[in-house]
Amino acid sequence: MTDVANSEAKLGSAARSVGGRPASIFAARAAFLAIILLAWQGAVDSGLANAAFISTPASVAQSLWHLFRDGEIFPDLGTTVLEITIAFALSVVFGIASAVVLDRNDWLNRIVSPFLTAFNSMPRIALGPLFVLWFGIGIASKVVLAFSLGYFIMLLSTLGGLKNVDRDLLLMSRLFGASELRLFRHVRFPWALPGIFAGLKLTLIYCSAGAVIGEMIAAKSGLGVLLQSFSGRFDVAGVLALILIVALLVMTLTSVMDLVERRLLEWSRGSTDVPG
Amino acid sequence: MNASLDISVRGLDVNFGQARNVLTGVELAVRRGEFVALIGASGCGKTTLLNVIAGLVPVAAGTVTIGGAPPVAGRGDICYVLARDALLPWRTVTGNVEYGLELSGVGREERARRAATYIDKVGLAAARDLYPSRLSQGMRQRASLARAFAVGRSVYLMDEPFSALDSQTKLTLHDQLLGLWETSGATVVFVTHDIGEAITLADRVLVMSKKGIGVVDEIHVDLARPRSAEALQADERYHDLYRRTWTALKASAQ
Ligand SMILES: Nc1ncnc2c1ncn2[C@@H]1O[C@H](COP(=O)(O)OP(=O)(O)OP(=O)(O)O)[C@@H](O)[C@H]1O
Ligand SMILES: [Mg+2]
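Since the structure is predicted, the reported quantities are computational estimates derived from the model, not experimental observations.

On to a nonpolar patch on the surface. A cluster of nonpolar side chains, contributed by Leu82, Ile86, Leu90, Val93, Phe94 and Ile139 of chain A, occupies part of the molecular surface with about 470 Å² of accessible area. Secondary-structure assignment places isoleucine 86 of chain A in helix α5 (residues 74–104).

This is the structure we're talking about:
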């Protein structure tokens with residue numbers, strides 16, 4: 001008996017370490033990045049592409065350096081980060097709360113679900129100018145635009161997770177005498193957690209896009225405003241540098257979420273049913 | 001009423017709110033501390049009868065009492081072991097065994113102590129920190145048994161808990177279930193399709209009719225306890241009972 005347990009435990013950990021080797025992975029990634037940068041630079045140097053259109057890695061790096069050295073970027077970066085943070089927090093709180101309400105209340109769900117689909121199908125970016133009209137050119141209109149994107153993603157991914165909860169786990173818990181509150185805490189919520197994490201990451205991406213695009217429509221400060229002025233001056237390197245900043249910001253936050261996810265969802269890895 | 005009677009079903013009709021009865025006039029009497037096995041053709045209403053006793057399916061007619069009280073889902077003195085192991089994937093073996101205790105209102109320290117004891121009893125001590133995704137079917141079913149018996153209920157309802165296991169693993173689990181049951185003194189109703197399993201485990205094997213009219217035959221298993229699943233394979237009386245049950249089962253499917 002103990003032998004079985006031991007060998008299966010080893011099997012699980014062996015399966016997990018496949019593809020581990022972090023050092024070689026990092027080396028391969030660095031090589032991949034170098035190839036992209038060299039190809040880019042090479043395309044410009046050989047005259048295959050025009051630096052006026054696609055810039056060069058070196059000038060993008062230079063633009064980045066200037067943006068940070070002069071501290072020119074910080075007020076704008078601050079505004080954008082603030083908008084993203086508020087919109088993300090609101091999307092997460094209201095998205096999850098709405099999903100829980102709709103999951104527990106089938107009657108309400110049946111009434112509002114076509115409206116949710118309709119709202120979610122609207123190209124909200126196209127509503128941007130209207131949001132500016134309604135909420136002014138301050139951060140409110142950007143938060144609303146970003147929230148209008150993030151909220152539905154959070155709502156739908158949480159609701160999806162809650163809806164497909166394993167009936168056997170609910171029945172078993174009820175038979176052991178679980179209250180509705182405990183069913184939520186011990187079964188429904190953990191079951192929805194993988195869906196919630198997938199939603200969190202998408203929501204962050206969409207909230208960032210919403211905030212920056214909102215700023216590009218009309219704003220007093222923010223990375224979107226800088227983007228508009230750089231593209232107005234055909235400063236391709238500046239535009240790319242700003243986009244890189246947003247991407248790095250989102251990637252950093254995403255990897256923090258990945259870290260939390262890996263700790264919380266440790267149980268879902270190394271299944272004996274499905275290798276890998 | 002007979003004081004030693006634990007489960008009493010009289011004139012039970014079940015129809016799931018439809019015109020046609022699934023069960024009609026079913027009678028069942030199980031003594032306190034008795035282990036009965038229910039066998040019968042697929043669709044004859046075994047699971048339905050367990051569900052009625054567990055309070056999951058409404059009674060159309062007749063009376064059902066468990067320990068003198070009517071069935072209610074989530075009663076504190078009944079434990080229903082489902083065919084699927086229903087382990088929480090995000091809890092380790094220990095966490096899953098503690099879960100049943102937690103829902104039964106057992107305090108933290110007592111939970112840990114009892115969980116460790118019962119995990120030991122089913123031979124999962126080495127796997128106690130593993131998540132269910134890392135366990136074999138047999139190990140999962142043992143964790144589910146440990147969870148069930150750790151809460152110490154007076155009635156156990158089991159619906160084909162070992163149906164997904166190979167016959168070798170089954171024998172091990174039979175011994176472990178008998179070990180758990182013998183020290184618990186609980187009343188058990190155990191549904192199975194496996195005649196050998198029924199005889200190995202039960203005091204009485206009840207054969208249900210295919211027609212949905214409940215128990216039509218019973219075989220008293222007068223094999224001495226404690227029993228060993230493996231030793232029984234070599235026992236002539238076991239094979240004799242097997243043949244009698246087989247004949248009764250065939251007759252019930254006519
Ligand atoms: N929820 C339900 N609604 C309507 N009819 C049902 C329901 N559940 C079961 N039945 C019917 O009740 C009858 C008995 O089903 P049950 O599941 O009790 O059979 P069983 O003896 O457990 O069969 P098996 O050995 O295959 O598990 C079947 O004819 C089935 O169609
Ligand atoms: Mg059944």
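Quick look at the domain arrangement of chain A now. All names here are of chain A. Along its sequence, chain A is carved into domain 1 (1–54) and domain 2 (59–268). For domain 1 versus domain 2, the separation of C-alpha centres amounts to 27 Å. Each side of the interface is counted separately: domain 1 has five residues, and domain 2 has four residues. Summed over both partners, the interface of domain 1 with domain 2 comes to about 240 Å²; 63% of that surface belongs to carbon and sulfur atoms. Along the contact surface separating domain 1 from domain 2 lie zero salt bridges. Between the two partners, domain 1 and domain 2, sit zero residue pairs in polar contact (both at pLDDT 80 or more). With three residues, the single largest contributor to the side of domain 1 that touches domain 2 is helix α3 (residues 51–54).

What follows is about the site of ligand 1. All names here are of chain B. As a matter of local geometry, ligand 1 sits amid Phe16, Val22, Ser42, Gly43, Cys44, Gly45, Lys46, Thr47, Thr48, Glu160 and His193. Measuring from an oxygen atom of ligand 1, one finds a backbone N or O atom of glycine 45 at 3.0 Å. Within the complex, 60% of the 630 Å² of free accessible area of ligand 1 lies under protein. When its residues are assigned to classes, the shell around ligand 1 shows three nonpolar, six polar and two charged.

Here we come to the UniProt feature "transmembrane region" (unreviewed entry) in chain A. Feature annotation in UniProt places "transmembrane region" (unreviewed entry) on residues 20–40, 80–102, 191–217 and 237–260 of chain A, given in this structure's numbering. A helix fraction of 100% and a strand fraction of 0% characterise residues 237–260 of chain A, whose end C-alpha atoms lie 35 Å from each other.

Residue and element names in this part refer to chain B. Most of strand β6 (residues 155–159) is tucked away: five of the five residues are buried. Neither face of β6 is open: one carries Val155, Leu157 and Asp159, the other Tyr156 and Met158, and all of them are buried. With four bridges connecting them, strand β5 (residues 78–81) and β6 associate as parallel partners. Along β6, the bridge assignment pairs tyrosine 80 with leucine 157. Where β6 meets strand β7 (residues 187–191), five bridges bridge the pair, whose relative direction is parallel. Its bridge partner being in β7, valine 155 is matched across the sheet by threonine 187. Between the parallel elements β6 and β7, the chain passes through helix α5 (residues 167–184) in a crossover that is right-handed.

It is worth spelling out the pattern of salt bridges at this point. Any two side chains of opposite charge can pair if their charged atoms end up close together. Summed over the entire model, instances satisfying the criterion amount to 25 salt bridges over all chains. For the salt bridge of glutamate 110 of chain B with arginine 114 of chain B, the shortest nitrogen-to-oxygen distance reads 3.1 Å. With glutamate 110 of chain B and arginine 114 of chain B both in helix α3 (residues 108–121) and four residues apart, the pair spans about one turn of that helix. For glutamate 110 of chain B, a relative accessible area of 30% gives the class partly exposed. Look at the salt bridges and you will find they share partners, linking Asp103, Arg104, Asp106, Arg110, Lys163, Arg174, Glu180 and Arg188 of chain A into a network.

Detail in the predicted coordinates should be disregarded across regions flagged by low pLDDT. Per-residue pLDDT for chain A averages 89, and the proportion of residues at 70 or more is 89%. Note on residues 271–276 of chain A: pLDDT under 50 across the span, and four contacts to partners over four residues away in sequence or across chains.

On to empty space enclosed by the protein. One pass over the full model with this rule turns up three cavities of 30 Å³ or more. For the largest cavity, the calculated volume is near 60 Å³. Every residue along the wall of the largest cavity is listed here: Met172 and Phe176 of chain A together with Tyr80, Val81, Leu82, Arg84, Asp85, Ala86, Ser144, Arg147 and Ala148 of chain B. Of all elements in the fold, only β5 and α4 (137–150) of chain B reach the threshold of two or more residues within the lining of the largest cavity. Of the residues in the lining of the largest cavity, the class split is seven nonpolar, one polar and three charged.

Taking the UniProt record as the reference, the feature "domain: ABC transmembrane type-1" (unreviewed entry) is found at residues 77–255 of chain A. As annotated, residues 77–255 of chain A has a helix share of 86% and a strand share of 0%, and its two end C-alpha atoms lie 20 Å apart.

On to the environment of lysine 170 of chain B, then. All names here are of chain B. As for its placement among the helices and strands, lysine 170 is situated in helix α5. On the basis of relative accessibility, which here comes to 12%, the residue lysine 170 falls in the buried class. Between the C-alpha atom of lysine 170 and that of alanine 229, which follows or precedes it by 59 residues, the distance is 9.0 Å. Beyond its immediate sequence surroundings of up to four residues, lysine 170 is in contact with Phe162, Leu165, Asp194 and Glu197. For lysine 170, the side chain forms a polar contact with the side chain of aspartate 194, separated by 2.8 Å.

A word on the packing of aromatic side chains. Both the distance between ring centres and the angle between the ring planes are used here to describe each pair of aromatic rings. Residues and elements named next belong to chain A. Under the defined criterion, the tally for this structure stands at 15 aromatic pairs over all chains. Summarising the aromatic geometry, the rings of phenylalanine 119 and phenylalanine 152 are spaced 6.3 Å apart at their centres and angled 25° between planes, so their arrangement reads as stacked. Here phenylalanine 119 is found in helix α6 (residues 106–121), whereas its partner phenylalanine 152 is found in helix α8 (residues 139–163), with 33 residues between them in sequence. On the accessibility criterion, phenylalanine 119 (43% relative accessible area) is partly exposed. Judged by its relative accessible area of 9%, phenylalanine 152 falls in the buried class.

Calculation criteria
Residues numbered from 1 in each chain as written. Chains lettered and ligands numbered in written order. Predicted model: local features only at pLDDT ≥ 70, side-chain atom pairs only at ≥ 80, totals over all residues. Heavy atoms only, no water. Patch = residues over 30% accessible without salt bridge, like charges linked within 9 Å, V, L, I, M, F, W, Y side chains within 5 Å. Areas by Shrake-Rupley, 256 points an atom, 1.4 Å probe, with all protein chains shown as cover. Salt bridge = Lys/Arg side-chain N within 4 Å of Asp/Glu carboxyl O. Helix = DSSP H or I, 4+ residues; strand = E, 2+ residues; numbered from the N terminus. Domains from an automatic or database assignment. Contact = heavy atoms within 4.5 Å. Buried area = accessible area lost by both parts, 1.4 Å probe. Polar contact = N/O pair within 3.5 Å; in protein donor to acceptor, adjacent residues only side chain to side chain. Near = heavy atom within 4 Å. Nonpolar A, V, L, I, M, F, W, Y, C, P; charged D, E, K, R; others polar. UniProt positions renumbered as here; feature names shortened; annotations may be inferred. Buried < 20%, exposed > 50% of the residue type's maximum accessible area, 1.4 Å probe, protein only. Pairing = 2+ DSSP bridges. Right-handed = clockwise from strand over helix to strand, strands pointing away. pLDDT = per-residue confidence, 0-100. 1 Å grid on protein atoms, 1.4 Å probe; cavity = no way out; pocket = protein on both sides within 12 Å on 5 of 7 lines; lining within 4 Å. Points joined across faces, edges and corners; volume = space filled by probe spheres on them. Phe/Tyr/Trp six-rings, centres within 6.5 Å; stacked < 30°, edge-to-face > 60°.

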